[in-house]
Amino acid sequence: MKTGFYPGCSMKGSAREYSESLLAVSQALGRELPEIPDWNCCGATAAHNLDRDLALALPARILAAAEKDGMYEVLVPCAACYSRLSVTRHELLGDEDLRRKISGLIEADYRGTARVLNIVEWLGGIPDLESKVRKPFAHKVACYYGCLLVRPAGIVNFDRPEEPRSMDLLMKKIGADPLDWAFKTECCGAGFSVSRTDLVARLSGLILDDAVQRGAEAVIVACPMCHLNLDMRRPNIEKLAGKKYNIPVIYITQALGLAMGIEPKKLGLQRHKVKVKFTQGLAKPPAASITPASAKPTAGAKSASGDSPAEAPFAGPSAKRGA
Amino acid sequence: MARIGVFICHCGENISATVDVKKVAAAASRIPGVAHSVEYKYMCSDPGQQMIKNAVREKNLTGVVVAACSPRMHEPTFRRACAEAGLNPFLCEMANIREHCSWVHEKSDATTNKAIDIVRTLVAKVKKNKALLPIKVPVTKTALVLGGGIAGIQASLDIANAGHKVILVEKQPSIGGHMSQLSETFPTLDCSQCILTPRMVEVAQHPNITLHSYSELESLDGFIGNFKARIRKKARSLDEKLCTGCGLCTQKCPTRKIASEFDAGLGLRPAIYVPFPQAVPNKPVIDREHCTYYLKGKCRLCEKICPTQAIRFDQEDEILEVEVGAVVLATGFDIKHGDFFPEYGYGKYKDVIDGLQFERLASASGPTLGEMRRPSDGRVPETVVFVACAGSRDPAKGIEYCSKICCMYTAKHAMLYKHKVHHGRPYVFYMDIRAGGKMYEEFVRRAQEVDGVQYIRGRVSRIYERGGKLVVKGADTLLGARPMEIEADLVVLATAGVANAGAEELAQKVHVSYDPYYFYSEAHPKLRPVETNTAGIFLAGACQAPKDIPESVAQASGAAAKVAGLFSQSELVREPLIAVVDRQAPPLYSTCVGCFLCQAACPYQAIEKEEIRGRDGRLIKTVAKVNPGLCQGCGTCVALCRSKSIDIQGFSHEQVYAEVLALLNRGESDV
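These numbers were taken from a predicted model, which means no experiment stands behind them. Residue positions are given per chain, counted from 1 along the sequence in the order it is written. All chains are assigned letters beginning at A, and all ligands numbers beginning at 1, according to the order in which they are written. Residues qualify for local features only when their pLDDT is at least 70, as the model is predicted, and side-chain atom pairs are given and counted only at 80 or more; totals for whole chains, interfaces and linings, by contrast, use all residues. Side-chain numbers here rest on the full set of heavy atoms in the structure, without hydrogens or water.

### Let's talk about the overall build of chain A
Here is step 1: Each helix corresponds to a stretch of at least 4 residues labelled H or I by DSSP, and each strand to a stretch of at least 2 residues labelled E; elements are numbered beginning at the N terminus. If you tally the helices and strands in chain A, you get 15 helices and 7 strands.
Here is step 2: For chain A, the proportion of contacts with a sequence separation of at least 24, taken over those separated by at least 6, is 76%.
Here is step 3: Using the Shrake-Rupley algorithm and a 1.4 Å probe, accessible areas are obtained, with residue cover drawn only from the displayed protein chains. Just so you have it, chain A exposes about 14,400 Å², and 55% of that area is on carbon and sulfur atoms. Throughout, a residue-residue contact means that at least one pair of heavy atoms, one from each residue, lies within 4.5 Å.

### Structural notes on the packing of aromatic side chains
Residues and elements named next belong to chain B.
Here is step 1: When the centres of two rings from Phe, Tyr and Trp lie within 6.5 Å, Trp using its six-membered ring, the rings pair. Their planes under 30 degrees apart give stacked, over 60 give edge-to-face, and anything left gives tilted. In this structure the tally under the stated criterion is 16 aromatic pairs over all chains.
Here is step 2: When the ring of Phe186 is compared with that of Tyr440, the centres are 5.4 Å apart and the planes differ by 85°; the resulting orientation is edge-to-face. Within this pair, whereas Phe186 is found in the loop between strand 8 (184-185) and strand 9 (190-191), its partner Tyr440 is found in helix 13 (residues 440-449), the two being separated by 254 residues in sequence. Comparing Phe186 with Tyr440 shows no difference in burial state: the two are buried.
Here is step 3: With centroids separated by 5.7 Å and ring planes inclined at 40°, the aromatic side chains of Tyr514 and Tyr518 adopt a geometry described as tilted.
Here is step 4: Ring pairs connect the aromatic residues Tyr293, Tyr294 and Phe313, which therefore count as one cluster.
Here is step 5: Its end group placed over the ring of Phe651, Lys125 keeps NZ or CZ at 3.9 Å from the ring centre.
Here is step 6: Here the basic side chain of Arg269 rests over the ring of Tyr273, its NZ or CZ set 3.8 Å away from the ring centre. For every residue, the accessible area (1.4 Å probe, protein chains only) is compared with the maximum for its type, and the residue is labelled buried under 20%, exposed over 50%, or partly exposed between those bounds. Remark: a charge is flagged as sitting over a ring if the NZ atom of Lys or the CZ atom of Arg is within 6 Å of the ring centre and within 35 degrees of the ring normal.

### What about the sheet that holds strand 6 (residues 218-221) of chain A?
As a general point, the strands of a sheet are linked pairwise by backbone hydrogen bonds and lie either parallel or antiparallel.
Residue and element names in this part refer to chain A.
Here is step 1: What makes two strands pair is DSSP finding at least two bridges between them. As summarised here, the arrangement of the 4 strands in space is 5-4-6-7, forming an open sheet in which the pairing is parallel. Looking at the sheet topology across the chains shown, the edges are occupied by strand 5 (177-178) and strand 7 (249-251).
Here is step 2: Bridging between strand 6 and strand 7 involves 3 bridges; their strand directions are parallel. Each bridged residue has a counterpart across the sheet, and for Ile220 the counterpart in strand 7 is Ile250.

### Re the side chain of B:Glu93
Here is step 1: Its place among the elements puts B:Glu93 in strand 4 (residues 92-96).
Here is step 2: The exposure class of B:Glu93 is buried, given its relative accessible area of 6%.

### Thoughts on a nonpolar patch on the surface
Here is step 1: A cluster of nonpolar side chains, contributed by B:Phe651, B:Val656, B:Val660, B:Leu661 and B:Leu664, occupies part of the molecular surface with about 470 Å² of accessible area.
Here is step 2: The residue B:Leu661 is located in helix 18 (residues 653-664) in this model. Think of a patch as exposed residues, more than 30% relative accessible area, with no salt bridge, where like charges cluster within 9 Å and nonpolar side chains (Val, Leu, Ile, Met, Phe, Trp, Tyr) cluster within 5 Å. Salt bridge, as applied in this entry: a Lys or Arg side-chain nitrogen positioned within 4 Å of an Asp or Glu carboxyl oxygen.

### A short note on helix 2 (residues 46-58) of chain B
Residues and elements named next belong to chain B.
Here is step 1: Residue count minus one, scaled by 1.5 Å, sets the expected span of a helix. Along its 13 residues, helix 2 runs 18 Å from first to last C-alpha, staying within 8% of the 18 Å computed at 1.5 Å per residue.
Here is step 2: Those residues of helix 2 not exposed but buried are Gly48, Gln49, Ile52, Lys53, Ala55 and Val56. Down the axis of helix 2, the smallest arc covering the buried residues is 165°, so these residues share one side. Helix 2 presents Asp46 and Glu58 as exposed residues on the side facing more than 90 degrees away from its buried surface.
Here is step 3: Following helix 2 by one or two positions, Asn60 adopts a phi angle in the positive range, close to 55°. An arc is given here, and it is the one of the directions from the helix axis to the C-beta atoms.

### Quick look at the state of the cysteines
Residues and elements named next belong to chain B.
Here is step 1: The criterion for a disulfide is a pair of cysteine sulfur atoms lying within 2.5 Å. Summed over all chains, the structure comprises 1 disulfide over all chains.
Here is step 2: Across a sulfur-sulfur distance of 2.3 Å, Cys191 and Cys194 are joined as a disulfide pair. Here Cys191 and Cys194 share a disulfide; its torsion about the S-S bond, 85°, makes the bridge right-handed.
Here is step 3: Classification of Cys191 as partly exposed rests on a relative accessible area of 24%.
Here is step 4: Residue Cys9 stays outside any disulfide, its sulfur separated by 5.2 Å from that of Cys11, the closest cysteine.
Here is step 5: Assessed through its relative accessible area of 5%, Cys9 is described here as buried.

### Digging into the domain arrangement of chain A
Residue and element names in this part refer to chain A.
Here is step 1: Here chain A is described as being made up of domain 1 (2-117) and domain 2 (131-293).
Here is step 2: Placing the centre of domain 1 and that of domain 2 at their C-alpha centroids yields a distance of 25 Å.
Here is step 3: In this assembly, 22 residues from domain 1 lie in contact with 24 residues from domain 2.
Here is step 4: When domain 1 packs against domain 2, close to 1,900 Å² is buried across both sides, 72% of that on carbon and sulfur atoms.
Here is step 5: For the interface between domain 1 and domain 2, the tally reads 1 salt bridge. Boundaries between domains were set according to an automatic or database domain assignment. Here the buried area means the combined drop in accessible surface, using a 1.4 Å probe, for two parts upon being joined, counting both sides.

### What to know about the environment of B:Val21
Residue and element names in this part refer to chain B.
Here is step 1: Considering the arrangement of structural elements, one finds Val21 in helix 1 (residues 21-29).
Here is step 2: Under the relative-accessibility criterion, Val21 is labelled buried at 6%.
Here is step 3: It is 7.6 Å that separates the C-alpha atoms of Val21 and Thr112, two residues lying 91 residues apart in sequence.
Here is step 4: Excluding residues within four positions of it along the chain, Val21 makes contact with Ile8, Cys9, His10, Ile15, Ser16 and Glu39.

In structure tokens form, the structure reads like this:
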């Protein structure tokens, strides 16, 4: 009964620190994460835009290899890979003819026995995570889920597709204060990072701006693509917005690693474009990371009631309503 | 010697397109005991029935098999035809070669052979059929109406005006239902309460109507014409006979900050309260969850102040047992609340409200006395966004149906807002506008063209707060799916209409079926829309599906007409397909050994003990006996009986074995 690990391309390249932090955390938790033997590319965006069989065959080959190796579940930390593997499993299990056809293509009998887990699901399944916390991650965080982690709803069947909260709950477990914000699942620009950097700068800028406006000290992500756009494209974002954003973007595993007292270097925090300033002395008030624009953290939230405290003839929130 | 007639129907092409009916008729004629075998295009038509009648008389038939559609469809038709020709109707059986054969298979020899098999089994059965006589049962001419909204009120008044007694049960402290909460009604914009409250008063004063408010159905047993209902009259904590409804207690109650159910959570009420000023009955109830006396054991101010000493803190729930002949379910609907729309901030932002809350804001009797003020800070909203289809027609939210009333009430809301805030800017996000109904389309047009409501075809993806405004993000699909944002002061969600929370439990109590959304199922979607599959139980209003007021009222009158029709008979005829316990000549008397396992298993309490005594009065044995009035013919006792002493008339062991054997003995010569 072992859990396999599918790194995919980004974990070996642009998101090395995601992989480093995950493995550091899993080691500290005493959970082995063997890589799936002879894994291949998941097909990413390219395959399913070009050829349906190819888009299914690539993930099916990965999953079949995992099954053959005795893995009953597979952890897929990259949200895009997770989506491809989940969709493939869903489609093949729902269509016996298709399953046979794809099994023929990959020359292996894909059975669908191995579950596909994303990082939040995997961490959520670790009992008593709170007890592993050495230095509570006492920061205001904006949990950013992006587009693929919780969608499509019928296939991933994990958390709410529009207003997810699983990552927020995990952050609470490690002592963080997850904020209620509006851009949890908005698009970061994703694969347009290369071809339409201007689009990415605008979309990712909106995400950062809302997080900062609400007083977040860090954006927490679980997707290499999201990280790339929010972190590496920061100069483009700032140029378009005409202002500076110092808010760091860190992987969920890095935040967890810090809380577990793992050395920042082991978590790859030095690899980010936007420096993570609160890695030392975690207990200090982290005012340094906030931009001037967010000096009034909850500026937006209360101003309406400020100038007109009209007598509100109303009861409490409607949620209180009797059955 | 049996002389069976077999009549094979083409059902137009429904059967003959896949089954070779001529072959079936030929094969049937070779079955031993079959004296007559024919096929015809429409057996259920007049000439078809005439064929059967003629054959029964001329060929002196002892049994009839009609190979056609499901017995649910036409068994009564053909049994009636046989009866008219002088054959006991229970000697006529239907072989279902449509639903069980032609509709579910392709055209082939195998399909035809299956039809022949079905015919042969029924021929074998009908040979064992016995002539049966229908059972006659009396009718209790009192109707039980569950739910005191507009549908229940209308049904009660119509039945009562037809001269029959009505027991109306409402779970809230007052009748009136959702309609009493509405401000104005579409498409005429007349005041909802003004047209409803006279009806409520009429209910209260009608000599034929007994109203039990603040009461719920506990259980329902029996069958059409002879139901026994137990009603739980919840403790109001006061003596209704003494209370004059003066209202002193409600004015003086010190616990005053309870969210009012009637105001959809926007207004406040005290712990002893009348839901709204025009309530019927106008008698308060004490909310024991909030009353200081029940929580802390002190206060009793209402008791001290009451001029007629009507307060009864120690009152307990009371169970009433009533006998009724028919039941009308008019339990209404609810709208989706709570955690349903996290991405719209519903339940999180005070200024994201639902349709019923908007009704209360717009109502002259509401928490703002009809002034358009938003819940968070009481300011007049300058921009209001209305979101239609909030959850409806959305498989991702688990609700695939159209809630039907929202297009119209959203147009009404936008219109009412504009009438109250002339400079205001109302926007409506919609998927499609479904305004089918008399003067409905014109009404929506009026909202758009006369009142200047901005309709945007597209869905809203998210609503969030920014700088004291609610940012509504959506798309305008008529302008190339352009993403758009509106900064609103108030957002009104037309959340999906859903079944009441207790709908499933009630359905199980009264044994009616319901759909996956817990709306009650009608007996036939087109031809029997007010009946349920349980005889004697009828439907009215939105407990069946979301409906507007005129439709609810029409269905309620329909249900009342059905009840009046039922009550016009002094006794009912029931099919005798019930269980019977074996009886034999002395000295055996019965194969029943008197273990009474069947008695414990019977869901209808229909099994009684019968003592068989000799002439000298000596007890010979005690055996089971089935009460024909209570037995529903479910067969549970038959399956359980250890000595095989119980049979269902019309489905005896002998008949069923004959069918199975006929199916097994299929010979090649039949084809």
